[in-house]
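# Geometric and topological summary
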Amino acid sequence: GEIFSDVPQGGIVWLTFANSAFQDFAINWAAHVYKLGKERHMAIAALDQPFQQRLLQAEGLPFFAHDHGRTGDLRSSVTEFRRLGALKGALVLEVLGAERHVLLSDVDVIWMADPTRVLAGLAAAGADVMSATDCLHVTGDEDKWKVRRNATAARVGVNRCAYNPGNADGHAAFNTGVVYFRPSNAAKAFAAAWR
């Protein structure tokens, strides 16, 4: 619809989700996107009417109006958090259906640099969906699951970082804090399954 008018087909929509409980995070997220010159490419999925009113009247920021019906912390309820996940998948699918790429990030993400060149290169190489991971540093992540005592290491949890030596617990831990989708059939199927 109209919210895409400044993002050409094949362009990237920068997207986040927030409600009143996280409105300050959302304003900060938007400020950093603005600093990168992407203000005409971003939108906030505003999940309650008080937050929508603030975005409209006080902030003048573009948003998708999705009344989730809760102004408090959605993470405190498993049911509400799952509803939010389904809503994310549905909105991503809607944007992909308009033949735009989606750069979805959590509301507490602060964009310090523009990632679009890197993402465009990966998309051109055939990547349909790209996700962040909680596995960021080989030795640092290994230390997260070990406690060092007197030069010995004892395991204290699950190491899901696939590149760590001796990992037998599975693949890298994906994190939906930053996810990029290109408007391919595979990415649309992924978003539909998420929804």
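Residues numbered from 1 in each chain as written. Predicted model: local features only at pLDDT ≥ 70, side-chain atom pairs only at ≥ 80, totals over all residues. Heavy atoms only, no water.

On inspection of all chains with the given rule, the structure shows four aromatic pairs. Ring geometry for F181 against F190: centres 6.0 Å apart, planes inclined by 55°, an arrangement best described as tilted. Overall, F181 belongs to the buried group, its relative accessible area being 0%. Judged by centre distance (6.3 Å) and plane angle (15°), the rings of F181 and W194 are stacked. Of this pair, F181 sits in strand β8 (residues 174-181) while W194 is found in helix α6 (residues 185-194), placing the two residues 13 residues apart along the sequence. What links up through ring pairs into an aromatic cluster is the set F181, F190 and W194. (Phe/Tyr/Trp six-rings, centres within 6.5 Å; stacked < 30°, edge-to-face > 60°. Buried < 20%, exposed > 50% of the residue type's maximum accessible area, 1.4 Å probe, protein only. Helix = DSSP H or I, 4+ residues; strand = E, 2+ residues; numbered from the N terminus.)

Further remarks concern the confidence of the model for the protein. Note: predicted coordinates in regions of low pLDDT should not be interpreted at a detailed level. With 75% of its residues at a pLDDT of 70 or more, the protein has an overall mean of 82. Put simply, strand β6 (residues 146-149) is where the protein has its lowest mean pLDDT, 46, and strand β4 (residues 101-105) is where it has its highest, 96. Within the model, pLDDT remains below 50 along residues 147-151, and this stretch shows seven contacts once partners closer than five positions in the same chain are excluded. (pLDDT = per-residue confidence, 0-100. Contact = heavy atoms within 4.5 Å.)

Here the focus is unusual backbone geometry. With a phi angle near 60°, E99 is a residue other than glycine that sits in the positive phi range. Turning to its location among the elements, E99 is positioned in the loop between α3 (78-97) and β4.

Once that is clear, we can look at helix α2 (residues 49-59). Here α2 has its buried residues at F51, Q52 and L55. Take α2 and look down its axis: the buried residues cluster within an arc of 105°, on one side only. Relative to its buried face, α2 has exposed residues pointing more than 90 degrees away, namely Q57 and A58. Against the buried residues of α2 lie β1 (12-18), α1 (23-35), β2 (42-46) and β3 (63-65). Between the side-chain oxygen of the N-cap and the backbone nitrogen of F51 there are 2.9 Å, and the N-cap of α2 in question is D48. Immediately beyond the C-terminal end of α2, within one or two residues, lies G60, with a positive phi of roughly 65°. (Arc of directions from axis to C-beta. Polar contact = N/O pair within 3.5 Å; in protein donor to acceptor, adjacent residues only side chain to side chain.)

This paragraph deals with the environment of S105. By the element assignment, S105 lies in strand β4. Each C-alpha atom, one on S105 and one on Y180, is 8.5 Å from the other, the two residues being 75 residues apart in sequence. Sequence-distant contacts of S105, defined by excluding residues within four places in its chain, comprise L15, T16, W29, W111, G177 and V178.

For the pair α1 and α2, the least separation of the axes is 11 Å and the interaxial angle reads 45°. Relative to α2, α1 is oriented oblique. Note that α1 runs across α2; the crossing there is right-handed. Of the residues in α2, those in contact with Q23, D24, A26 and I27 of α1 are F51, R54, L55 and E59. Of the residues assigned to the contact of α1 with α2, the class counts are four nonpolar, one polar and three charged. (Axes fitted to C-alpha atoms, helices over the stretch in contact; angles between N-to-C directions. Parallel < 35°, antiparallel > 145°, perpendicular 65-115°, else oblique. Left-handed = near helix turned anticlockwise from the far one by under 90°. Nonpolar A, V, L, I, M, F, W, Y, C, P; charged D, E, K, R; others polar.)

Between the first and last C-alpha of α3 there are 29 Å, a value that for 20 residues agrees with the 28 Å anticipated at 1.5 Å per step. Within the span of α3, buried status applies to E80, L84, G85, L87, K88, G89, L91, V92, L93, V95 and L96. Taken from the residues just after α3, E99 is the one with a positive phi, measuring 60°. (Expected span 1.5 Å × (residues − 1).)

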